[in-house]
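If you want the building blocks of each chain, they are given just below.
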Amino acid sequence: MQTLSEHLTELIRQAAVAAGYGDNDVPLEPCVPTDPRNGDYQSNYAFRLGKAARSNPRAVAAAMVEALPADPLVASAEVAGPGFINLRLRDEALAAHLLARLDGEGFTLSQPGAGKTMVIDFSSPNIAKRMHVGHLRSTIIGDALRRIYASLGWRVIADNHIGDWGTQFGKLMVAWRRWLDQDAFDADAVGELQRLYQLFGAKAEEDPSLEDLARAETAKLQSGDPENTALWRRFVDASLEEFDAVYDRLGVVFDVTLGESHYQSRLSPLVEGVLAQGLAEEDQGAVIIRFGPEDGKALADTLLLIRKSDGAALYGTTDLATVAYRMETWQPDLIAYVTDVRQRLHFSQVFAAARKMGMAFTPEHVYFGMLRLAGGAIAATRSGAVLNLVDVLDTAVERARGVVDGKSGHLSDQERAGIAEAVGVGAIKYADLSQNPQSDIVFDWDKMLSMEGNTAPYLMYAYARCMSIFRKADRDGFVPGGIALEHPSERSLAVLLARTPEVVERAAELWRPNVVADHLFAVANTFASFYHDCRVIGESPEVEQSRLSLVRATAAVLEQGMKLLGIQPLDRM
Ligand code: ARG
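The paragraphs below set out a description of the structure included in this document. Since the structure is predicted, the reported quantities are computational estimates derived from the model, not experimental observations. (Residues numbered from 1 in each chain as written. Predicted model: local features only at pLDDT ≥ 70, side-chain atom pairs only at ≥ 80, totals over all residues. Heavy atoms only, no water.)

Assigned secondary structure in the protein consists of 21 helices and 15 strands. Projected onto its principal axes, the C-alpha coordinates of the protein cover approximately 85 × 65 × 40 Å. Scored against the burial criterion, the 573 residues of the protein give a buried share of 52%. Summarising the internal contacts of the protein: among those between residues at least 6 apart in sequence, 73% fall at separations of at least 24. As displayed, the protein offers around 24,700 Å² of accessible surface, 49% of which is attributable to carbon and sulfur atoms. (Helix = DSSP H or I, 4+ residues; strand = E, 2+ residues; numbered from the N terminus. Buried < 20%, exposed > 50% of the residue type's maximum accessible area, 1.4 Å probe, protein only. Contact = heavy atoms within 4.5 Å. Areas by Shrake-Rupley, 256 points an atom, 1.4 Å probe, with all protein chains shown as cover.)

Here the structure, examined in full by the defined rule, presents 19 aromatic pairs. Ring centres 5.3 Å apart and planes at 75° place the aromatic pair Phe-443 and Trp-445 in the edge-to-face group. Overall, Phe-443 belongs to the buried group, its relative accessible area being 8%. Judged by its relative accessible area of 19%, Trp-445 falls in the buried class. Where Tyr-458 meets Phe-521, the ring centres are 5.7 Å apart and the plane angle is 70°; that geometry is what we call edge-to-face. Taken together, the positions of Tyr-458 in helix α17 (residues 456-473) and Phe-521 in helix α20 (residues 514-533) put the pair 63 residues apart, joining distant regions of the chain. According to the relative accessible area criterion, Tyr-458 is buried, its value standing at 16%. Across from the ring centre of Tyr-461, 5.1 Å away, lies the NZ or CZ of Lys-407, which sits over that ring. (Phe/Tyr/Trp six-rings, centres within 6.5 Å; stacked < 30°, edge-to-face > 60°. Lys NZ or Arg CZ within 6 Å of the ring centre and 35° of its normal.)

On the basis of which strands lie adjacent, the open sheet formed by three strands has the order β1-β3-β2 and antiparallel pairing. Strands with a single pairing partner mark the edges of an open sheet, and in this sheet they are β1 (41-43) and β2 (74-80). Ignoring which end each strand starts from, the neighbouring axes of this sheet average 25° apart. Pairing between β1 and strand β3 (residues 84-89): three bridges, direction antiparallel. Each bridged residue has a counterpart across the sheet, and for Gln-42 the counterpart in β3 is Asn-86. (Pairing = 2+ DSSP bridges. Axes fitted to C-alpha atoms, helices over the stretch in contact; angles between N-to-C directions.)

This brings us to the nonpolar core. Note that soluble globular proteins tend to have their nonpolar side chains buried in a common cluster. Counting 154 residues, the largest nonpolar core has Met-64 and Ile-428 as the members making the most contacts within it. With 34 residues, the next largest nonpolar core counts Leu-270, Leu-275, Ile-335 and Tyr-337 among its residues. (Core = buried A, V, L, I, M, F, W, Y, C linked by side-chain atoms within 4.5 Å.)

Attention now moves to helix α12 (residues 315-330). With 16 residues, α12 should reach 22 Å at 1.5 Å per residue; the first-to-last C-alpha distance of 22 Å fits that figure. Counted residue by residue, α12 has 13 buried out of 16 residues, so it is predominantly covered. (Expected span 1.5 Å × (residues − 1).)

The next point concerns unusual backbone geometry. Even without glycine at this site, Asp-301 takes up a positive phi of about 70°. Inspection of the secondary structure puts Asp-301 in the loop between β9 (286-290) and β10 (303-307). The residue Trp-511 is not glycine, and still its phi comes out positive at about 60°. Residue placement: Trp-511 occurs in the loop between α19 (500-510) and α20.

In this model, α17 (18 residues) spans 26 Å end to end at C-alpha, consistent with the 26 Å of a helix rising 1.5 Å per residue. Judged by how many residues are buried, α17 sits mostly within the fold: 14 of 18 residues are covered. Capping of α17 at its N-terminal end is provided by Thr-455; its side-chain oxygen lies 3.1 Å from the backbone amide nitrogen of Tyr-458. Trailing α17 by a residue or two, Asp-474 shows a phi angle of about 55°, which is positive. (Polar contact = N/O pair within 3.5 Å; in protein donor to acceptor, adjacent residues only side chain to side chain.)

Attention shifts here to the environment of Gly-311. Within the secondary structure layout, Gly-311 lies in the loop between β10 and α12. Distance in space between the C-alpha atoms of Gly-311 and Ala-555 is 59 Å, their sequence separation being 244 residues.

Attention now goes to the site of the ligand. Around the ligand, a shell composed of Asp-121, Ser-124, Asn-126, His-135, His-161, Tyr-315, Asp-319, Tyr-337, Thr-339, Gln-343 and Phe-347 is seen. One nitrogen or oxygen atom from the main chain of Ser-124 is found 2.8 Å from a nitrogen atom belonging to the ligand. Between Gln-343 and the ligand, the recorded distance is 3.0 Å, taken from a side-chain N or O atom to an oxygen atom. Bound to the protein, the ligand loses 92% of the 350 Å² it would expose on its own. Breaking the shell around the ligand down by element, the ones donating at least two residues are α12 and β11 (334-340). Broken down by class, the residue content of the shell around the ligand amounts to three nonpolar, six polar and two charged. (Near = heavy atom within 4 Å. Nonpolar A, V, L, I, M, F, W, Y, C, P; charged D, E, K, R; others polar.)

The following block contains the structure:
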């Protein structure tokens with residue numbers, strides 16, 4: 001099913017051809033005018049065509065409006081300002097379009113991803129270290145993108161590329177055998193591993209021979225020594241258990257968890273292959289890939305080290321082997337990575353190197369900024385355990401409980417506990433997902449749990465209100481239909497709801513879940529005005545049927561959208 005925007009784009013293109021301007025350029029999507037009095041969609045295509053044809057855009061727009069084919073969806077087309085074309089949809093067609101998208105209880109999206117595959121690499125924390133706030137952001141944003149792409153028909157493989165290999169394991173093994181506090185490990189495994197690792201650092205400063213021991217242990221692990229392998233497995237399992245507790249709480253799932261260790265046997269052949277292809281060079285015993293001006297401004301004169309002079313492979317080597325593995329295994333069209341902004345250069349280099357090696361896929365690095373705590377403190381996104389994520393979630397749920405108790409005293413204790421869990425977790429996710437990933441975000445408890453404004457609780461309450469209207473209407477087996485858009489508030493709501501599929505597509509295209517969040521916020525606000533202006537229950541049967549259908553569509557869009565963001569809609573709050 002086409003989106004409204006696709007449909008109108010096609011019409012505009014036809015008008016341009018019919019008016020004699022050809023379609024020598026990719027038409028811009030018509031966009032939504034800021035002032036609704038200017039119509040439902042606005043196209044600025046005449047500016048482009050006018051520029052190419054050296055004609056006045058207003059004249060071009062007028063010719064296009066003249067040539068616009070008659071269409072059941074379009075009520076009027078007008079030239080506005082210096083060359084915009086304002087389009088207004090026909091009410092009946094709009095209502096029909098909306099109803100066609102309502103499938104049972106849900107809302108149908110278009111499937112532009114049908115037949116396409118993507119791998120998305122997100123979360124990817126490091127073994128024996130506590131997950132930090134950067135991993136939380138990667139997990140939340142990555143999971144939302146996974147859901148958004150899947151909803152558009154993509155086959156999505158979510159891969160948790162955990163950091164489970166490297167020289168730190170030799171150090172940990174030395175420390176473990178000397179200084180392990182078993183009780184501490186039983187109580188908080190990752191905390192103890194982290195302590196041992198730090199302790200190793202301190203001790204090795206006094207006694208550098210410890211470093212030699214650690215190197216020997218790492219080498220033993222790498223050559224498959226059973227004892228070290230078993231110990232490594234223990235570190236991995238203990239860490240995964242802690243990570244899984246966070247994923248469970250967040251409702252995040254992965255299709256595969258293939259960490260860095262999975263690629264170890266592929267690294268040497270990869271480096272040899274790159275050398276044989278003449279893409280890398282040896283430099284004082286190390287192997288590097290050099291980038292030149294042909295690789296773009298940002299990469300020119302940088303280099304990617306893929307083998308150190310002592311023979312060790314690096315982060316980038318593993319990432320190249322990982323791309324090769326993913327290409328062999330899933331033949332993805334797209335591979336996306338979600339990490340903080342500091343890994344930008346790294347991924348640009350990996351993508352460019354993979355391209356040189358002949359791997360054909362579209363790469364995307366979705367990077368995000370820092371997270372700050374209200375009050376100014378910075379919760380560093382990479383260094384150490386600033387916040388324990390389980391504590392963060394507990395705090396959110398505890399605070400949400402306060403809000404829910406205040407608002408929903410009529411519900412049982414158990415119900416309120418369930419609501420608080422959904423609201424608390426939802427609030428954390430939404431605080432992140434409602435902002436452009438690339439901007440730094442501020443973590444503000446009061447704001448994210450507020451009932452007013454662009455927050456999870458606000459959306460969740462809007463949805464629960466729709467559901468309560470249905471309970472009140474007491475219409476079992478209600479079938480939406482017969483929408484008549486009479487009041488301006490009904491119309492505004494219908495236009496907004498009908499745009500949902502193109503909004504989700506746009507969010508995917510831009511890699512920005514906040515495009516969906518902004519839409520949901522607009523829907524919740526527009527619904528509030530509608531509900532204020534238009535009585536739903538107690539009007540004539542036709543009006544009630546029409547308005548209940550709008551409520552159903554609103555609920556379906558809110559539910560769909562919240563699920564895309566990983567937020568659990570609740571029928572009752
Ligand atoms: N483990 C890395 C970190 O904590 C993130 C890995 C991201 N994915 C990748 N394929 N490099 O920074």
